[in-house]
Amino acid sequence: MTGGMTKGVAGSMRHRVTLLDQNFTQGAGGRMTPTLPIIADVWASISECGAATVQHADHQFLGRSVVFETWFQSEYAATKIIEFGSLRYKVQSFRKKGLVTLTIEFQTVIS
């Protein structure tokens with residue numbers, strides 16, 4: 001990767017997002033309650049990809065598909081939810097990119 005490409009990626013990472021894991025704890029009545037521990041607050045680039053089909057319970061609907069990209073850290077692979085502003089995005093998949101300067105790209109849909 002050339003220096004110019006690195007600067008281009010760095011310059012586009014201007015949105016502050018929160019990477020969240022998702023765990024479930026069992027309450028006193030036996031109900032499973034989700035918790036969203038924070039993995040990290042990071043600078044990321046964001047690009048909208050259009051609509052994606054989302055399965056929720058027994059229904060399918062079109063959700064907004066968004067790609068988030070930030071600098072790679074191995075602990076970021078545990079990300080299940082990305083919070084940006086007042087919206088939360090469910091991570092559908094992720095991939096590590098780059099050879100010298102590593103980034104991680106998350107494919108998400110609005111949850």
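In what follows, the accompanying structure is described. This is a predicted model, so every value here is computed, not measured. (Residues numbered from 1 in each chain as written. Predicted model: local features only at pLDDT ≥ 70, side-chain atom pairs only at ≥ 80, totals over all residues. Heavy atoms only, no water.)

### Quick notes on the overall build of the chain
- When its secondary structure is counted, the chain shows 1 helix and 8 strands.
- Secondary structure elements in the chain, listed N-terminal to C-terminal, are α-β-β-β-β-β-β-β-β.
- Counting the 111 residues in the chain, one finds 27% classified as buried.
- Nonlocal contacts in the chain, meaning residues at least 24 apart in sequence, comprise 49% of its contacts between residues at least 6 apart.
- Counting only carbon and sulfur atoms, one obtains 54% of the accessible surface of the chain, whose full area is about 7,000 Å². (Helix = DSSP H or I, 4+ residues; strand = E, 2+ residues; numbered from the N terminus. Buried < 20%, exposed > 50% of the residue type's maximum accessible area, 1.4 Å probe, protein only. Contact = heavy atoms within 4.5 Å. Areas by Shrake-Rupley, 256 points an atom, 1.4 Å probe, with all protein chains shown as cover.)

### Considerations on the side chain of T103
- Looking at the element boundaries, T103 is found in strand 8 (residues 103–110).
- Within the local environment of T103, its side chain forms a polar contact with the side chain of E69, the two groups lying 2.7 Å apart. (Polar contact = N/O pair within 3.5 Å; in protein donor to acceptor, adjacent residues only side chain to side chain.)

### With respect to the pattern of salt bridges
- Counted under the stated rule, the structure contains 5 salt bridges.
- One salt bridge in this structure joins R88 and E83, with 2.9 Å as the shortest N-O distance.
- According to the relative accessible area criterion, R88 is partly exposed, its value standing at 39%.
- Each of the salt bridges in this network shares a partner with another, and the network as a whole consists of E69, R95, K97 and E105. (Salt bridge = Lys/Arg side-chain N within 4 Å of Asp/Glu carboxyl O.)

### A closer look at the packing of aromatic side chains
- Overall, the coordinates contain 2 aromatic pairs when judged by the stated rule.
- Centre to centre, the rings of F94 and F106 are 6.2 Å apart; their planes meet at 50 degrees, and the pair counts as tilted. Here F106 lies in strand 8 and F94 lies in strand 7 (residues 87–97), a separation of 12 residues in the sequence.
- Residue classification places F94 among the partly exposed positions, given a relative accessible area of 41%.
- When the ring centre of F72 is taken as origin, the NZ or CZ atom of K96, which lies over that ring, is 4.9 Å away. (Phe/Tyr/Trp six-rings, centres within 6.5 Å; stacked < 30°, edge-to-face > 60°. Lys NZ or Arg CZ within 6 Å of the ring centre and 35° of its normal.)

### Thoughts on the nonpolar core
- Core analysis: the largest hydrophobic core is formed by 13 residues, its most contacted members being V17, L19, V42, F68, Y76, I82 and F106.
- Broken down by element, this core gets its largest block of residues, 3 residues, from strand 4 (residues 38–56).
- Dropping the residues within four chain positions of it, F68 is found in contact with V17, S45, I46, I82, F84, Y89, I104, E105, F106 and T108. (Core = buried A, V, L, I, M, F, W, Y, C linked by side-chain atoms within 4.5 Å.)

### Digging into the environment of D41
- Within the secondary structure, D41 sits in strand 4.
- Distance from D41 to L19, taken between C-alpha atoms, is 6.2 Å for residues 22 residues apart in sequence.
- Those residues within four positions of D41 in sequence are excluded, and the remaining contacts are R16, V17 and T18.
- Among the polar contacts made by the side chain of D41, one reaches the side chain of T18 at a distance of 2.6 Å.

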